[in-house]
Amino acid sequence: MTWLLLCIGLLIAGYFTYGKFIERLFGPRPELDTPAVTMADGVDYVPMSDKKVYLVQLLNIAGLGPIFGPILGALYGPVAMLWIVFGCVFAGAVHDYFSGMLSVRARGASVPTVVGQQLGSFAKHFMNIFAVLLLLLVGVVFVLGPAKLLGDLSGTTVAAWVAAIFAYYIIATLVPIDKIIGRLYPIFGALLVFMSVGLLLGQFASGNGFHSGGLDFGNLHPDGLPLWPLLFITIACGAVSGFHATQSPLMARCMQNERSGRFIFTGAMIGEGVIALIWCSLGISFYESPEALNAVLASGGPAAVVHQVSTSLLGMVGGVLAILGVVILPITSGDTAFRSARLIIADFLKLPQQSLPKRLLIALPMFVVGYLITQAEFGVIWRYFGWANQTTAMIMLWAAAAYLAKEGKLHWVCTLPAIFMTAVTFTYLAHAEIGFGLGMQPATLIGLGVALAFTVAFLLKYRPAGTPATVEEQP
């Protein structure tokens, strides 16, 4: 518990120190009108209060990722919590702030447009395809996860809950953002707070500590899976997540002052980090050993852990409320995932979205594809989602680094995490079964080699403003 509280304290301190430094580096301009004011359309560009925008942003980004990912990461032991803290402060919060604020400066543009402005047209077209793929995977993952929990609670079929959640997604994707999302999310937010605080207090009251008798920062995974690069793919949301780059533009279209960016984007990421820490610590401390946790995961997956932990710590009624909070988190991310996909496709097709028929023209085929993806095995979908998620984060961090370099500012705050995530994603792709299945040593060499190549190419192309060209480059 002391270690958990220390980690939470470090996250909060990171918001007020490093988060403030990143804000000053970007330089918000409160005198500028935001897209919510200049482009208000009553559908996607809708001015909302800072508190409401923050809450919607938190619920948008906090899906199954900061719960299921940290539970799986808990198999590695307390070292997983270190990644949540440092990843969140120095990578995730930086990523989220720039993805939101660059969208504000780009008139609320979606992530492919933001990436294209900084990295070029090829990167924009690649991200148009890649972001839609990621969002469809997210939407599907965030249908199957809550449907399984609701099926366990109610005794009804998972297929029925899949259909019901998809029906809600269709409605939430099509109606103006302030009609359902803006009105229901404050209620959902209260449930989220109850879940997080209730479980934290329940853990404290139970006296459940680390059963190993101390803090062992070695790799405790019972199956011997390596920390590198698997931990950094397993725990994405709560540390650094490319999915957030697809969600931040939604709130960039609703915030009314650039000064609110740190509170909304950095603050929501820190909040998600706290949720991830709580669930990671529960996975570590609730069970007697990583082997015991692994046995539960093998029998029922992370959803079984959520059910056991919630009902044991909070009783039947409190446990059901906590589980509903876990259900609501992915649902409130899944609906905005499909909404973001609709907007990205609309931007690509240059199809205005004010009228319902035009929204349907994009949404209906998209949901058909999403439903077809649900027929695949959940574990396979989750692995592809994890890789696509971190790859999107890598690209967004390179785009933010390019922006800072072109502005003559300290780009290393984005370049360093971009290099790290490049090595992670390419090592994982080379090693994993969903990739090339190479041994860990050659896969790592490939990952490090690609990261080095990206770094050299970046430093050659993006000089700070005012840096003179070489003789060969001069006209």
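Owing to the predicted nature of the structure, the values given are computational and were not obtained by experimental measurement.

About the criteria used
Residues numbered from 1 in each chain as written. Predicted model: local features only at pLDDT ≥ 70, side-chain atom pairs only at ≥ 80, totals over all residues. Heavy atoms only, no water. 1 Å grid on protein atoms, 1.4 Å probe; cavity = no way out; pocket = protein on both sides within 12 Å on 5 of 7 lines; lining within 4 Å. Points joined across faces, edges and corners; volume = space filled by probe spheres on them. Helix = DSSP H or I, 4+ residues; strand = E, 2+ residues; numbered from the N terminus. Nonpolar A, V, L, I, M, F, W, Y, C, P; charged D, E, K, R; others polar. Disulfide = S-S within 2.5 Å. Buried < 20%, exposed > 50% of the residue type's maximum accessible area, 1.4 Å probe, protein only. Salt bridge = Lys/Arg side-chain N within 4 Å of Asp/Glu carboxyl O.

1. Re empty space enclosed by the protein
Move 1: A complete count under the given rule lists 3 cavities of 30 Å³ or more for this structure.
Move 2: By volume, the second largest cavity amounts to about 50 Å³.
Move 3: Lining the second largest cavity are S110, V111, T246, P249, L250, R253, S340, L343 and I344.
Move 4: Counting only elements with at least two residues in the lining of the second largest cavity, the list comes to α12 (243-252) and α14 (290-349).
Move 5: By residue class, the composition of the lining of the second largest cavity is 5 nonpolar, 3 polar and 1 charged.

2. Description of the state of the cysteines
Move 1: Scanning all chains against the criterion turns up 0 disulfides.
Move 2: The thiol of C7 is unpaired, and the distance to the nearest cysteine sulfur, on C280, comes to 8.9 Å.
Move 3: Exposure remark for C7: the relative accessible area of 1% places this residue in the buried category.
Move 4: The class for C280 is buried, based on a relative accessible area of 0%.

3. Some thoughts on the pattern of salt bridges
Move 1: Counted according to the given criterion, the structure contains 5 salt bridges.
Move 2: Between D44 and R342 there is a salt bridge whose closest N-O contact spans 3.3 Å. With D44 in the loop between α3 (35-38) and α4 (50-61) and R342 in helix α14, this residue pair connects regions lying 298 residues apart in the sequence. We note that D44, like R342, is buried.
Move 3: Where R105 meets E258, a salt bridge forms, and the shortest distance between an N and an O atom there is 2.8 Å. A residue pair is termed long-range when its members are at least 10 positions apart, and R105 in helix α6 (residues 79-105) and E258 in the loop between α12 and α13 (261-285) qualify at 153 residues.

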